[in-house]
Amino acid sequence: MKNTIAERILDFLKGYPPFNLISKPTLLEIAKKVEIQYFEKDQIILSQNDSPHEHFYIIYEGAVRLYRFAEDKKHVLDICDEGDLFGLRPLIMKENYLMGAAANEETILYGIPIKLFNDIILSYPKVSQFLIASFATNTRDPFSEKHKGKLFANIEAIKKVENSFIETQSIKYTLNPLTCSTTTTVKEAALIMTNNVINSIVITEDKKPIGIITDKDIRTKIGTGRFKITDTAEMVMTQPVITFPENISVAEAQIALLKHKVSHLCITKDGTDSSELVGILSEQDLNLIQGNNPLFLIKEIKKAKDAETLKYIRSKTSDLTKGYIKQEIPIYFITKVISEINTAITKRAIQLSIKEIGKQPPVSYTWFAVGSQGRKEQLLMTDQDNALVFENVEPSEYETVKSYFLELATKVTEKLNSVGFDYCPANIMASNPKWCLSIKEWKQQFKEWIKDPIPEKILLSIIFYDFELVYGDAKLYNNMAKSVLKHIKKNQLFLGFLSKATLDNPAPLGFFKQFLVELDGENKDNFDIKSRAIRPLTDAARIFSLYHGLQVNNTIARFEKLMEVEPQNADLFESCANAFKILLQFRTSQGLANNDTGRYVDINNLSKADRLKLKSCFKPIKNIQDSLKLRFKIL
C-alpha cells in the first residue's frame, strides 16, 4: 500500500540539499523513518550542552533561531527557515550541542534519524561534504587545525599540488567516434574514414569496442599485400583495443600511448572493453592539448611580435582558467600559473615597446605591478595597476629620462589595453607622471603616505604596498622594498590607521546572518564579494605582514608565512588562507560564468550549498578583524 505521508515527505526533501543528491528509493526509506515534530513559538528544541538527540532536523515550516550563551549573555547566531538543517553536531562530531535552538515562530520540523543517515553518508560522498559544510557554518572556526580533514579541508580548492601543470589536465577527445561491424570490408571502412577525414575507425559489437583500424593498419597490412582490400575488418583490425574511462588525464594518456605503443585509445563508460564506447583519443588530441598548456603559452608569448598576438594567447589563458576551475584544480595552483602568464605578457609588451622607440632605456628601471596583479591574484581580465621606478639621475638629465620612461609606459599600457587589460579608472598606471618616478621620489612618496595617513593616502597605500617586480632591475626594486619596510617598522602607528580603514569595510552579513547586498545602483540586490569578503582578508594579510617586515605580497603566501612567525596564531592564519582560497575560486567561477569580474554575486541564484560555503568563509574574516582590533588597539 502506498504510504502517502512518506511520499509527501519525500516530495519535500528532494527539493533541498543534501537530500536531492540521494536516489529516490533510498530517500523514500528515509522519508518513512522521518519524525514530524511541532513547536510553539519560543519553545526550546534543543539546549546548549544537551546530550545528542537521535535526530538532526530540517525545517519544514516556520523558523528556528540558533543561540549560544557566552559570558552570561545570550547571542543569537542565526535564524534558519524552510529547508535549513540544524542539530548536525551529533552526526559529525558525536559531541554535545554547543548551541541551543528554539522556535522563532510556530514551526514544524522533520527529524532525520542519525543512525539511519550514518550509513547513507558512507554511500554518498557529496551528501557527506554538504553536511560538513552545513555544520561548518555553525562552527566558530571551520578552517582551523582542529577540524582539518573534517570540514572544508576536503575541498580541493584549498589544497596545494606539486605536480607539473600539464599533468593535472584532463584531455579532450573525439566523442561519438566512427564505428563499423566486423563484417565491413576494409575498402568500405577506408571510404568511411576518407569521407569523414579521420584516421581511424573502431570495430564494435553491441557498442563495445573489439578492435580498431587506423591509417597505419591500411598502410602496413593492405599496402604491403599481406591482406586484400576486400578482406573484412575483423581480419585486419588491431586488437585488443586499449581502453580508458572518460576522465583520463594527459599524463595517463601519454603513459598509455608509450606503454602500449599505440596511436589511439578507446574511451568507454567504465574504462573497460566490456562497456559502451563513448570516444576515441589519438596522438593528435594529445598534441593539441600540448599547445594549450602554460609552458607552451609562455613560449609563444616570448615569440610574439605584436599586441594582437599577445591578445590571442591571453584568450587561450582564459580557456585554461575555465578548464582548471571546471576540473576543481586548487586555486593556489591556478593563481601561480595565470600570474606567470600575465607577467610574461607584460614583459613582452615592454620589450616590444622598447623596440618601437628604437632606443634602449637611458638608466636602470623597474616595472612593477600593484594591487591584485602585484599580489599575483589577477585570475580574470580586470584593469591595469602598474608603476615604474627609475634610477636617480642628475637634475639636468631628469626631464629627458622621465620623458623616455613616460613614452615607454604609454606604449606598454596601450598594448596591455589591446590585450584586454582595461586602463585603470583611477589612472594608477606607469604612464601617469605621478607613478613614474625616480627611486628617490618613490621613497619620499611612501614616507609621506606613512607620515600623513589621511583617507586618500591610506587608499593609495593599500594599493601600492602590494608592489611586485615584473621587469627590470631587481636591485632597484629590492632597494625600494627594503626602504618601505624599514620606514614602516619605525612607524607602527601607521598600521593602526591601515587597520581602521580595513575595519571600516562593509560587513558581509547582517544582524540576522543574512547576506548584505547592494541597496542601489546597477548591482542592486547583489552581494559584493570583493569588498565584503575578499578585501578584508587581503588587507589583514598585508597589515600583519608589514607588521613583521615580511617582503611577501601574495595573500595566501602571506598567511602561510605568518603561520611561521606567529605559531601561536597558526590556526587563525590557516583558516584565513583557506577561506581566501575558497572565496577567490568562487569569484573566479562567477566571473567566468558571467563573463565579468565576478565581483557582484546574485545570492538568490546560488544553491543552498554555495550560500553555506560563502557563509563559512565569513567566520575567519570576523576572527582576523577581531585580532586586528586587539593588536593595533582599534576601538
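Our subject in this report is the structure included herewith. Just so it is clear, the structure is predicted and the values come from calculations on it, not from any experiment.

1. Re the overall build of the protein
Part 1: Summing up its helical and strand segments, the protein has 23 helices and 21 strands in all.
Part 2: In the protein, which comprises 635 residues, the proportion classed as buried is 51%.
Part 3: Contacts spanning at least 24 positions in sequence make up 71% of the contacts within the protein whose residues lie at least 6 apart.
Part 4: Only carbon and sulfur atoms are counted for the fraction: they give 50% of the accessible area of the protein, which is about 30600 Å².

2. Some details on helix H20 (residues 529-547)
Part 1: Here H20 contains 19 residues, and its C-alpha end-to-end distance of 26 Å stays within 8% of the 27 Å for a straight helix at 1.5 Å per residue.
Part 2: Most of H20 sits out of view: 16 of its 19 residues are buried.
Part 3: Here H20 starts with a cap whose side-chain oxygen sits 3.2 Å from the backbone nitrogen of lysine 530, and that cap is aspartate 528.
Part 4: Looking one or two residues beyond H20, the residue adopting positive phi is glycine 549, at roughly 70°.

3. Observations regarding unusual backbone geometry
Part 1: Omega for the peptide link from glutamine 239 to proline 240 comes to -5°, which places this bond in the cis form.
Part 2: Position of proline 240 relative to the elements: it lies in the loop between helix H8 (233-236) and strand S13 (243-244).
Part 3: Phi is positive for lysine 207, which is not a glycine, with a value near 70°.
Part 4: For lysine 207, the position within the fold is in the loop between strand S11 (200-205) and strand S12 (208-214).
Part 5: Although it is not a glycine, aspartate 525 adopts a positive phi angle of roughly 75°.
Part 6: Note on placement: aspartate 525 falls in the loop between helix H19 (493-503) and strand S20 (527-528).

4. A few points about the pairing of strand S5 (residues 73-80)
Part 1: Taken together, the seven bridges between strand S4 (residues 64-70) and S5 define a ladder with antiparallel strand orientation. Directly across from tyrosine 67, in S5, lies its bridge partner valine 76.
Part 2: Between the antiparallel neighbours S4 and S5 lie two residues, among them glutamate 71 with a positive phi of about 50°.

5. Remarks on the sheet that holds S13
Part 1: Read from one edge of the open sheet, four strands run S9-S15-S14-S13, paired in mixed fashion. The two strands at the open ends of the sheet, each matched to only one other strand, are strand S9 (174-175) and S13.
Part 2: Relative to strand S14 (residues 264-268), S13 is paired through two bridges, and the arrangement is parallel. Note that in S14 the partner of phenylalanine 244 across the bridge is isoleucine 267.

6. A short note on the packing of aromatic side chains
Part 1: Applying the stated criterion across every chain yields a total of 31 aromatic pairs.
Part 2: Arranged with centres 5.2 Å apart and planes meeting at 45°, the rings of tyrosine 365 and phenylalanine 405 form a pair that is tilted. One end of the pair, tyrosine 365, is in strand S16 (residues 365-369); the other, phenylalanine 405, is in helix H15 (residues 395-419), with 40 residues separating them in the sequence.
Part 3: The buried category is assigned to phenylalanine 405, whose relative accessible area is 0%.
Part 4: An aromatic cluster of at least three residues, connected via ring pairs, comprises Phe368, Trp435, Trp442, Phe446, Trp449, Phe464, Tyr465, Phe467, Tyr477 and Phe494.
Part 5: Sitting above the plane of the tyrosine 67 ring, lysine 74 keeps its charged end 4.7 Å from the centroid.

7. Topic: the pattern of salt bridges
Part 1: Considering all chains together, one arrives at 21 salt bridges under this definition.
Part 2: Between glutamate 356 and lysine 415 there is a salt bridge; the shortest N-O distance is 2.8 Å. With glutamate 356 in helix H13 (residues 331-357) and lysine 415 in helix H15, this pair connects stretches of sequence that are 59 residues apart.
Part 3: For arginine 542, the salt bridge goes to aspartate 539, with nearest N and O atoms at 2.8 Å. Placement of the pair is arginine 542 and aspartate 539 together in helix H20, with a separation of three residues, close to one helical turn. Each of the two residues, arginine 542 as well as aspartate 539, counts as buried.
Part 4: Residues joined in a network through salt bridges with shared partners are Arg375, Glu377, Asp466, Asp539, Arg542 and Arg558.

8. Digging into the packing of H13 against helix H22 (residues 570-594)
Part 1: Two elements in contact, H13 and H22, have axes whose closest approach is 9 Å; the angle formed by their N-to-C orientations is 60°. Judged on the interaxial angle alone, H22 and H13 are oblique. The residues of H22 that touch H13, namely those facing Ile331, Tyr332 and Thr335, are Lys581, Leu584, Gln585 and Thr588.
Part 2: Classifying every residue of the contact of H13 with H22 gives three nonpolar, three polar and one charged.

9. Quick notes on H22
Part 1: An ideal rise of 1.5 Å per residue puts 36 Å on 25 residues; H22 measures up with 36 Å between its terminal C-alpha atoms.
Part 2: The buried fraction of H22 is high, at 20 of 25 residues.
Part 3: With its phi angle positive at about 55°, asparagine 595 sits one or two positions after the end of H22.

10. Comments concerning the side chain of serine 499
Part 1: Note that serine 499 resides in helix H19.
Part 2: Not counting residues within four places of it along the chain, the set of residues in contact with serine 499 comprises Ile543, Leu628, Phe632 and Ile634.

11. Digging into the nonpolar core
Note that soluble globular proteins tend to have their nonpolar side chains buried in a common cluster.
Part 1: In terms of nonpolar packing, the biggest core is built from 113 residues, with Phe405, Trp442 and Phe464 touching the most fellow members.
Part 2: Considering every element that reaches this core, the biggest residue donor is H13, with 14 residues.
Part 3: When residues no more than four places from it in sequence are discounted, the contact partners of tryptophan 442 are Phe368, Ala387, Leu388, Val389, Trp435, Leu437, Trp449, Phe464 and Met480.
Part 4: Judged by nonpolar contacts, the second largest core, of 28 residues, contains Ala31, Val34, Leu85 and Tyr124.

12. Examining the sheet that holds strand S6 (residues 85-86)
Part 1: Strand order across the open sheet formed by four strands is S1-S8-S3-S6, with antiparallel pairing between neighbours. With one partner strand each, in any of the chains shown, strand S1 (35-39) and S6 form the two edges of the open sheet.
Part 2: Pairing of S1 with strand S8 (residues 107-113) involves five bridges; the strand directions are antiparallel. Each residue of the ladder has a partner; that of tyrosine 38, found in S8, is isoleucine 108.

13. A few points about the environment of glycine 83
Part 1: Structurally, glycine 83 can be placed in the loop between S5 and S6.
Part 2: In this structure glycine 83 comes out as buried when scored by relative accessible area, which is 2%.
Part 3: Sequence-wise, glycine 83 and lysine 608 are 525 residues apart; in three dimensions their C-alpha atoms are separated by 9.0 Å.
Part 4: Those residues within four positions of glycine 83 in sequence are excluded, and the remaining contacts are Phe12, Tyr16, Ile58, Ile59 and Lys608.

Parameters at a glance
- Residues numbered from 1 in each chain as written.
- Predicted model: local features only at pLDDT ≥ 70, side-chain atom pairs only at ≥ 80, totals over all residues.
- Heavy atoms only, no water.
- Helix = DSSP H or I, 4+ residues; strand = E, 2+ residues; numbered from the N terminus.
- Buried < 20%, exposed > 50% of the residue type's maximum accessible area, 1.4 Å probe, protein only.
- Contact = heavy atoms within 4.5 Å.
- Areas by Shrake-Rupley, 256 points an atom, 1.4 Å probe, with all protein chains shown as cover.
- Expected span 1.5 Å × (residues − 1).
- Polar contact = N/O pair within 3.5 Å; in protein donor to acceptor, adjacent residues only side chain to side chain.
- Pairing = 2+ DSSP bridges.
- Phe/Tyr/Trp six-rings, centres within 6.5 Å; stacked < 30°, edge-to-face > 60°.
- Lys NZ or Arg CZ within 6 Å of the ring centre and 35° of its normal.
- Salt bridge = Lys/Arg side-chain N within 4 Å of Asp/Glu carboxyl O.
- Axes fitted to C-alpha atoms, helices over the stretch in contact; angles between N-to-C directions.
- Parallel < 35°, antiparallel > 145°, perpendicular 65-115°, else oblique.
- Nonpolar A, V, L, I, M, F, W, Y, C, P; charged D, E, K, R; others polar.
- Core = buried A, V, L, I, M, F, W, Y, C linked by side-chain atoms within 4.5 Å.

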